[in-house]
Amino acid sequence: MALKGKVALVTGSTSGIGLGIARALAAEGADIAMSGFGDAAAIEALRASIAADFGVLAIYVPADMAVPAEIAAMVTAAAAQLGSVDILVNNAGIQFVSPIETFPDDQWDKVIAVNLSAVFHATKAAIPGMRARGWGRIINIASAHGLVASGQKVAYVAAKHGVVGMTKVTAIEMAGAGTTCNAICPGWVLTPLVEKQLNARAAETGQSIAAVKEAFLAEKQPLHEFSTAEQIGASAVFLCSEGARTITGTSLSVDGGWVIQ
Ligand code: NAD
């Protein structure tokens, strides 16, 4: 229970990787502020199960991560209800796949707003409290696409490279304030974000979902295996640990070897 007494705000924790991270941090004793979209009853069930399974406080603080004022209000609400925000996990994200020539302008704006600008706004709102308390952990969920590119994903790749850069700036500015900032760069994780891409490729090529999964792994990951949300959660727990107190500004790849090639 290394994180007992700490409060973690995890954006996009109503699904996928964010939910895996929220549960992993709760398993270490952290109280959890969840955020993200979804059906109200389903979100309440997830919130209640985190509280019951791990014996921690768990609250839901809604915000549209494309709206800066809502992001600031989310951080304020989490701190007001749970006492502080000691750990901020900037995880909420979206994808849009298209060649540049036909990439819709509004989708560019949306992906940049949710995947890049939201990280800035949440970090800006959370760091004064971390500085005041002399302890903090900021974990930005970037991607293998924060380090290397693929075609058809211009906004996502630009945003995630930006997140990796922002991680370094945040780390420098928070050095000496007991606060580290690191990025986790996952490869393929089977979440709704990736299932949408699997379905689109299957529809486009006429291949089965199983064949498309094989193709996704063969194209990118030498280990030929999807990572899980639980594994990303374990990396987040490590980055919050005492053992990681001098790790800052770095990018931790959890990607089955995607970016080593
Ligand atoms: P997901 O679709 O399962 O979850 C995304 C979460 O973000 C959900 O909780 C959703 O409600 C929330 N969200 C999206 N737009 C929002 C908005 N405007 N306001 C508030 N919340 C919003 O996706 P995931 O795969 O779990 O992705 C989580 C993060 O991991 C993203 O940043 C994604 O880019 C990154 N990532 C995912 C993979 C992968 O293979 N799944 C790989 C690398 C990086």
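Our subject is the structure that appears above.
Residues numbered from 1 in each chain as written. Predicted model: local features only at pLDDT ≥ 70, side-chain atom pairs only at ≥ 80, totals over all residues. Heavy atoms only, no water.

Peer 1: What am I meant to see in the packing of aromatic side chains here?
Peer 2: Ring pairs (aromatic) are described by centroid distance and by the angle formed between their planes. Tallied over the full model, the rule gives 3 aromatic pairs. A ring pair is formed by Phe 96 and Phe 103, whose centres lie 5.4 Å apart and whose planes are at 75°; its orientation type is edge-to-face. Given a relative accessible area of 8%, Phe 103 falls into the buried group. Measuring from ring centre to ring centre gives 5.4 Å for Trp 188 and Trp 258, while their planes differ by 50°; the resulting arrangement is tilted. With Trp 188 in the loop between β6 (179–186) and α6 (192–205) and Trp 258 in the segment after β7 (251–254), this residue pair connects regions lying 70 residues apart in the sequence. Accessibility expressed as a relative area gives 7% for Trp 188, which makes it buried. Taken together, the ring pairs connect Trp 188, Phe 216 and Trp 258 into an aromatic cluster. Here Lys 6 stacks its cationic end above the ring of Trp 135, 4.0 Å away from the centre of that ring. (Phe/Tyr/Trp six-rings, centres within 6.5 Å; stacked < 30°, edge-to-face > 60°. Buried < 20%, exposed > 50% of the residue type's maximum accessible area, 1.4 Å probe, protein only. Helix = DSSP H or I, 4+ residues; strand = E, 2+ residues; numbered from the N terminus. Lys NZ or Arg CZ within 6 Å of the ring centre and 35° of its normal.)

Peer 1: I keep staring at the pattern of salt bridges and nothing clicks. Help me out?
Peer 2: Pairing is possible between side chains of opposite charge, provided their charged atoms come close. In total, this model carries 5 salt bridges according to the counting rule given. Note that Arg 47 is salt-bridged to Glu 44, the shortest N-O span being 2.9 Å. Here Arg 47 pairs with Glu 44, and both are found in helix α2 (residues 40–54), just 3 residues apart, close to one helical turn. (Salt bridge = Lys/Arg side-chain N within 4 Å of Asp/Glu carboxyl O.)

Peer 1: Just checking my understanding: could you explain the sheet that holds strand β3 (residues 58–60) for this structure?
Peer 2: The strands that make up a sheet pair up through hydrogen bonds in the backbone, lying either parallel or antiparallel. Read across the open sheet, the 7 strands follow the order β3-β2-β1-β4-β5-β6-β7; overall the sheet is parallel. Since the sheet does not close on itself, it has two edges, and those belong to β3 and β7, each with one partner. Adjacent strand axes in the sheet meet at a mean angle of 20°, parallel and antiparallel pairs treated alike. Pairing analysis gives 4 bridges linking strand β4 (residues 87–90) to strand β5 (residues 136–141), with the strands arranged parallel. Looking at the pairing, Val 89 lines up with Ile 139 of β5. On top of the sheet, helix α4 (residues 105–133) reaches β4, β5 and β6; it is set at about 175° to β4, its chief contact. Packed onto the sheet, helix α8 (residues 229–240) meets β4, β5, β6 and β7 and runs at close to 160° relative to β6. (Pairing = 2+ DSSP bridges. Axes fitted to C-alpha atoms, helices over the stretch in contact; angles between N-to-C directions. Contact = heavy atoms within 4.5 Å.)

Peer 1: What's the story with the packing of helix α1 (residues 16–27) against α2 in this structure? I'm lost.
Peer 2: Helices that pack against each other are described as a pair by the angle of their axes relative to one another and the distance between those axes. At a minimum axis separation of 9 Å, α1 and α2 run at an interaxial angle of 25°. Between α1 and α2, the interaxial angle falls into the category roughly parallel. Once α1 is placed against α2, the crossing between them reads as right-handed. On α2, the residues that touch Leu 19, Ala 22, Arg 23, Ala 26 and Ala 27 of α1 are Leu 46, Ser 49, Ile 50, Asp 53 and Phe 54. (Parallel < 35°, antiparallel > 145°, perpendicular 65-115°, else oblique. Left-handed = near helix turned anticlockwise from the far one by under 90°.)

Peer 1: Before we go on, may I ask you to explain the pairing of β4 in this structure?
Peer 2: For a regular strand, the rule is simple: side chains alternate between the two faces of the sheet. The two faces of β4 match: Ile 87 and Val 89 on one face and Leu 88 and Asn 90 on the other face are all buried. Two strands pair when backbone bridges link them, and strand β1 (residues 7–10) and β4 are joined in this way by 3 bridges, in the parallel orientation. Residue pairing across strands places Leu 9 opposite Leu 88, the latter belonging to β4. Assessed by its sense of winding, the connection that carries the chain from β4 through α4 to β5 is right-handed. (Right-handed = clockwise from strand over helix to strand, strands pointing away.)

Purely geometric numbers; function is a separate question.
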